[in-house]
Amino acid sequence: MNLFKGAGVALVTPFNSDMSIDFPALRRLVQEQISGGTNYLVVQGTTGESPTLNSEEKKQVLETVMEVNNGTLPIVYGAGGNNTMEVAEAFKHIPKGVDGILSVAPYYNKPTQAGYVAHYKALASATDLPIILYNVPGRTGSNVLAETTLELAEIKNIVAMKEASGNMEQIMEIIRCRPEGFLVLSGDDAITLPLIAAGADGVISVVANSFPAHFSKMVSSALKGDFETARKYHYDLMPVTKLLFAEGNPGGVKIALEELGWMKPFMRLPLVQVSDGLKAKIVAETKKLTK
């Protein structure tokens, strides 16, 4: 599935001061991704604060992104949860024009590995769209093991894993044993370069929201085997990447986006804006990267 190779971006959702969605800023963000070299757009992942948007708002965000994108880049839609039947029903309402689904491992319930397999088999049977698995134990409370991922990789329309476990040995085991055509995508911006060096196929990035050109050049250079160029971008981005996640996501990246003039930094509760001290550091690093 070459559609999902390279640098994908988990789009933030811009808000106005009254917490309504800032659609002009969303349009600007999509345009910046297209011109910056991003390879595909991920709409309504958790970086987009999807738990705080109602179903009508999610629909409006997706429609806006699709309108601005106008078929330029592939679009992945985030649809996951810990109620398998509810997620499978949501799959049926994803509109035409979406190229794939990103579905996070069930959170809070802490299923067994057999439960993960049963969950994703049920979801795969509910759609013909390609599905990208998403393992993020720090948020879900439990880990999808390498052998579970490899079992699921045999299902025809399960085409990739976004791996955010941070466990390099686990991720490399998936890369080593995966079936042909199954993609492994970094879920951690900071280790994207080493994972590509180990054989991964790209990333679904937060940092790319604010620095699409830098990040896409790092990823594309690495995928071409030009690690000298890739390392330059990697180390240029390293300080700001650390800062953007220091007080949670997407609070940090929204400060960088404000500094760029693309949107305001508002977030919906329970998320709050980052501290003044961190904000000053992010602004300083953003200026360095964009001067």
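All of the points below concern the structure found in this document. Only a predicted model underlies this, so the values are computations on that prediction, with no experimental measurement involved.

### Observations regarding the packing of helix α1 (residues 23–36) against helix α9 (residues 212–223)
A pair of packed helices is captured by two measures, namely the crossing angle of their axes and the spacing between those axes. One way to put it is that α1 packs onto α9 with a least axis distance of 8 Å and a crossing angle of 40°. Remark: the crossing between α1 and α9 carries right-handed chirality. Counting all contacts with α1, which are made through Glu-32, Gln-33 and Gly-36, the residues of α9 involved are Pro-212, Ala-213 and Ser-216. When the residues that make up the contact of α1 with α9 are grouped by side-chain class, the tally is two nonpolar, three polar and one charged.

### Side note on unusual backbone geometry
Across the junction of Asn-249 and Pro-250, the peptide omega takes the value 10°, indicating a cis bond. Position of Pro-250 among the secondary structure elements: in the loop between α10 (227–244) and α11 (251–259). At the junction of Leu-269 and Pro-270, the peptide bond is cis and its omega measures out at 15° in the coordinates. Tracing the sequence through the fold places Pro-270 in the loop between α11 and α12 (276–290).

### Considering the packing of aromatic side chains
This model, assessed by the stated rule, comprises one aromatic pair. Plain terms: the ring middles of Phe-4 and Tyr-40 are 5.8 Å apart, the flat faces sit at 70° to each other, and that makes the pair edge-to-face. One end of the pair, Phe-4, is in the segment before β1 (6–10); the other, Tyr-40, is in strand β2 (residues 40–43), and 36 residues separate them in sequence. A relative accessible area of 0% places Phe-4 in the buried class. Residue Tyr-40 is classed as buried on the basis of its relative accessible area, which comes to 0%. A cation over an aromatic ring shows up here: Lys-162 above the ring of Tyr-134, its NZ or CZ 4.0 Å from the ring centre. One cation-aromatic arrangement involves Lys-232 over Tyr-233; the distance from NZ or CZ to the ring centre is 5.4 Å.

### Describing the nonpolar core
If you look at the biggest cluster of nonpolar residues, it comprises 80 residues, and the most contacted ones within it are Val-65 and Ile-158. Here this core gets six residues from one element, more than from any other, and that element is α10. Setting aside residues up to four positions removed in sequence, Ile-158 forms contacts with Tyr-120, Ala-124, Ile-131, Leu-133, Leu-152, Ala-153 and Phe-182. Val-76, Leu-102, Val-104 and Leu-185 belong to the second-largest nonpolar core, a separate cluster that totals 16 residues.

### Notes on the pattern of salt bridges
This structure, assessed with the given rule, holds nine salt bridges. A salt bridge links Glu-57 to Arg-268, with the nearest nitrogen and oxygen atoms 2.7 Å apart. On the criterion of sequence distance, the pair formed by Glu-57 in helix α2 (residues 55–69) and Arg-268 in the loop between α11 and α12 is long-range, its members being 211 residues apart. Side by side, Glu-57 and Arg-268 carry an identical accessibility label, which is buried. Its salt-bridge partner being Lys-92, residue Glu-89 comes within 3.6 Å of it at the nearest N-O pair. A relative accessible area of 55% means that Lys-92 is categorised as exposed.

### Side note on the pairing of β2
Of the two faces of β2, the one holding Tyr-40 and Val-42 and the one holding Leu-41 and Val-43 are both buried throughout. Bridging between β1 and β2 involves three bridges; their strand directions are parallel. Bridged to Gly-8 within β2 is Tyr-40. You can see the chain leave β1, run along α1 and come back into β2, and the turn it takes is right-handed. For β2 and strand β3 (residues 75–78), the ladder comprises three bridges, and the chain directions are parallel.

Procedures and definitions
- Residues numbered from 1 in each chain as written.
- Predicted model: local features only at pLDDT ≥ 70, side-chain atom pairs only at ≥ 80, totals over all residues.
- Heavy atoms only, no water.
- Axes fitted to C-alpha atoms, helices over the stretch in contact; angles between N-to-C directions.
- Helix = DSSP H or I, 4+ residues; strand = E, 2+ residues; numbered from the N terminus.
- Left-handed = near helix turned anticlockwise from the far one by under 90°.
- Contact = heavy atoms within 4.5 Å.
- Nonpolar A, V, L, I, M, F, W, Y, C, P; charged D, E, K, R; others polar.
- Phe/Tyr/Trp six-rings, centres within 6.5 Å; stacked < 30°, edge-to-face > 60°.
- Buried < 20%, exposed > 50% of the residue type's maximum accessible area, 1.4 Å probe, protein only.
- Lys NZ or Arg CZ within 6 Å of the ring centre and 35° of its normal.
- Core = buried A, V, L, I, M, F, W, Y, C linked by side-chain atoms within 4.5 Å.
- Salt bridge = Lys/Arg side-chain N within 4 Å of Asp/Glu carboxyl O.
- Pairing = 2+ DSSP bridges.
- Right-handed = clockwise from strand over helix to strand, strands pointing away.

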